[in-house]
Amino acid sequence: MTKPLVIAIDGASGSGKSSTARGVADRLGLAYLDTGAMYRAVTVAYLDSGVDGTDPDAVTDAVVRADIEISTDPARPWVRVNGRDVTDEIRSQRISSNVSTVAVIPACRENLVARQRAIIEAAPNGIVAEGRDITTVVAPDADVRLLLSADPEIRMARRKLDHGGQIDDAALRDQILRRDADDSTLVNFTTAADGVVSLDGSLLSLEQVVDAVIELAEQARAGTEAGSE
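> Help me out: how do you make sense of the pairing of strand β7 (residues 144–149) in this one?
Within a regular strand, side chains alternate between the sheet's two faces. Of all 6 residues making up β7, 5 are buried, and the element is well covered by its neighbours. Where strand β1 (residues 5–11) lies against β7, 5 bridges are found, and the strand directions are parallel. Its bridge partner lying in β7, I7 is registered against V144. Inspection of the sheet shows β7 paired to strand β8 (residues 197–200) by 4 bridges, in the parallel sense. Bridge assignment links S149 to a residue of β8, and that residue is D200.

Pasting the structure below:
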């Protein structure tokens, strides 16, 4: 039986990692995991709980107690929190403005990392997981490890397009640059670690980036098959 293929993609907000990961998963017939959606989902749980956001223990308790379900189908993404569909809600400005409250608490990250590893291990054929700490923390032994980057102005333009242009520049800059700054205090997603391939997608089309990742996957598979002979 062929060993499940695990592809880990990290990158800053708007770097194109989500679109890339979905495209790769779709073409290779793999599952897809949006770890950022999981952080947003537990942010919904924390806000719904009404606990004080300045109390790390209370926030952590709300996160740990949260029942999170997430689709791993790249063509049909959905997220549920405590049985409630929050697929659209997690992309709201309210969640975007508060997700760092959860993301910067080490105990919350540890809980989510454990959940993410369980999802990766349960994928029968393999999975493409994307986020900020997948190549270094969640799946450091992944078959393909990639750090995707892009120029900040391009990243903000992409995110604005995601919002249909209905977001002001100040809110956009806060969502992109401030959150990157907050998360970078715990995770390095701007410099590729040893063994991680770095790819700047600023001037590449989505198809070109997907093709590049698939080429890396094919090389990894060939190496695994050669090593098993």
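Read on for the rest.
> Is there a simple way to think about the packing of helix α2 (residues 35–49) against helix α5 (residues 106–122) in this case?
The relative placement of two packed helices comes down to the angle between their axes together with the axis-to-axis distance. The N-to-C vectors of α2 and α5 enclose an angle of 135 degrees; their axes lie 11 Å apart at closest approach. In terms of orientation, α2 and α5 fall into the oblique class. Remark: the crossing between α2 and α5 carries right-handed chirality. In this structure, α2 contributes T35, M38, Y39 and V42 to the contact, and α5 contributes R109, L112, R115, Q116 and I119. When the residues that make up the contact of α2 with α5 are grouped by side-chain class, the tally is 5 nonpolar, 2 polar and 2 charged.

> When you look at the environment of G11 in this model, what are you seeing that I'm missing?
Tracing the backbone through its elements, the reader meets G11 in strand β1. For G11, a relative accessible area of 0% corresponds to the buried category. Sequence spacing of G11 and A150 is 139 residues, and the spatial spacing of their C-alpha atoms is 8.7 Å. Leave out the neighbours within four places in its chain, and G11 touches K17, G131, R132, L147, L148 and F189.

> When you look at the sheet that holds strand β3 (residues 68–70) in this model, what are you seeing that I'm missing?
Taken together, the 3 strands give an open sheet; going across it, the order is β3-β4-β5, and neighbouring strands pair in antiparallel fashion. This sheet does not close on itself; its edge strands, each paired only once, are β3 and β5 (84–85). Bridge analysis of strand β4 (residues 79–81) against β5 gives 2 bridges, and the strand direction is antiparallel. What sits directly across from R80, in β5, is D85. Strand contacts of α2: β3, β4 and β5, with the helix running at about 25 degrees to β4, the strand carrying the most contacts.

> Help me out: how do you make sense of the pattern of salt bridges in this one?
Overall, the coordinates contain 9 salt bridges when judged by the stated rule. Bridged by salt links that share partners, the residues D48, R84, E89 and R94 form one connected network.

> Explanation requested: the pairing of strand β6 (residues 126–131) in the structure shown.
Burial within β6 is extensive, with 6 of its 6 residues counted as buried. Pairing geometry for β1 and β6, over 6 bridges, is parallel. Following the sheet pairing, A8 is matched in β6 by A129. As defined by bridge partners, strand β2 (residues 31–34) adjoins β6 across 4 bridges and the pair is classed as parallel. Among the inter-strand pairings, A31 is bridged to a residue of β6, identified as I127.

> Please explain the nonpolar core as it appears in this structure.
Soluble globular proteins tend to bury their nonpolar side chains together. Membership of the largest hydrophobic core comes to 39 residues, with the highest contact counts inside it found for L33, V59, V79, V81, V102, I120 and I127. With 9 residues, the top contributor of residues to this core is α2. Among residues more than four places away in sequence, those in contact with V102 are Y39, V42, T43, Y46, V59, V63 and C108.

> Explain the packing of aromatic side chains to me, please; I cannot follow it from the model alone.
To describe a pair of aromatic rings, you give the distance between the ring centres and the angle between the ring planes. Tallied over the entire structure, the rule returns 0 aromatic pairs. Above the ring of W78, the side-chain terminus of R80 is found at 4.0 Å from the ring centroid.

> Help me out: how do you make sense of the side chain of T135 in this one?
One can find T135 in helix α6 (residues 134–138). Within polar-contact distance, the side chain of T135 engages the side chain of D10 at 2.6 Å. With residues near it in sequence (within four places) discarded, T135 still touches A8, I9, D10, P140, R145, L146 and V196.

> What am I meant to see in helix α4 (residues 93–103) here?
For the α-helix, the turn length of 3.6 residues means that residues three or four positions removed from each other point alike. Restricting attention to buried positions, one finds in α4 the residues I95, S96, V99, S100, V102 and A103. Axial view of α4: buried residues confined to an arc of 155 degrees, hence all on one face.

Scoring rules and cut-offs
- Counting of residues starts from 1 at the beginning of each chain's written sequence and follows it residue by residue.
- The predicted origin of the model limits local features to residues at a pLDDT of at least 70 and limits the giving and counting of side-chain atom pairs to 80 or more, whereas totals for whole chains, interfaces and linings rest on all residues.
- Where side-chain values are given, they derive from all heavy atoms of the structure, hydrogens and water being excluded.
- The buried label applies to any residue whose accessible area, calculated with a 1.4 Å probe on protein chains only, is under 20% of its type's maximum; exposed applies above 50%, and partly exposed to all values in between.
- Numbered from the N terminus, helices here are DSSP runs of H or I no shorter than four residues, and strands are runs of E no shorter than two.
- A pair of strands counts as paired when DSSP detects no fewer than two bridges linking them.
- Angles here are taken between N-to-C directions and fall from 0 to 180 degrees, while the axes themselves are lines fitted to C-alpha atoms, restricted in helices to the stretch in contact.
- To sort the angles, those under 35 degrees are grouped as roughly parallel, those over 145 as roughly antiparallel, those from 65 to 115 as roughly perpendicular, and the leftovers as oblique.
- By convention the crossing between two helices is left-handed if the near helix lies anticlockwise of the far one by an angle smaller than a right angle, and right-handed if it lies clockwise.
- Should any heavy atoms of two residues lie within 4.5 Å, those residues are considered in contact.
- Three residue categories are used. Nonpolar comprises Ala, Val, Leu, Ile, Met, Phe, Trp, Tyr, Cys and Pro, charged comprises Asp, Glu, Lys and Arg, and polar comprises the others, including Gly.
- By salt bridge we mean one thing: a side-chain nitrogen of Lys or Arg within 4 Å of a carboxyl oxygen of Asp or Glu.
- Definition of nonpolar core: a set of buried residues of the types Ala, Val, Leu, Ile, Met, Phe, Trp, Tyr and Cys, connected through side-chain atoms within 4.5 Å.
- Only Phe, Tyr and Trp rings take part, Trp by its six-membered ring, and two of them pair if their centres are within 6.5 Å. Stacked means planes under 30 degrees apart, edge-to-face means over 60, and tilted covers everything else.
- Note on geometry: a ring has a charge over it if NZ (lysine) or CZ (arginine) is within 6 Å of the ring centre and within 35 degrees of the ring normal.
- Whenever a nitrogen or oxygen atom comes within 3.5 Å of another N or O atom, the pair is scored as a polar contact, on the condition that within protein one atom can donate a hydrogen and the other can accept it, and that pairs from neighbouring residues in sequence are kept only if both atoms are in side chains.
- To obtain the arc, one takes the directions from the helix axis to the C-beta atoms.

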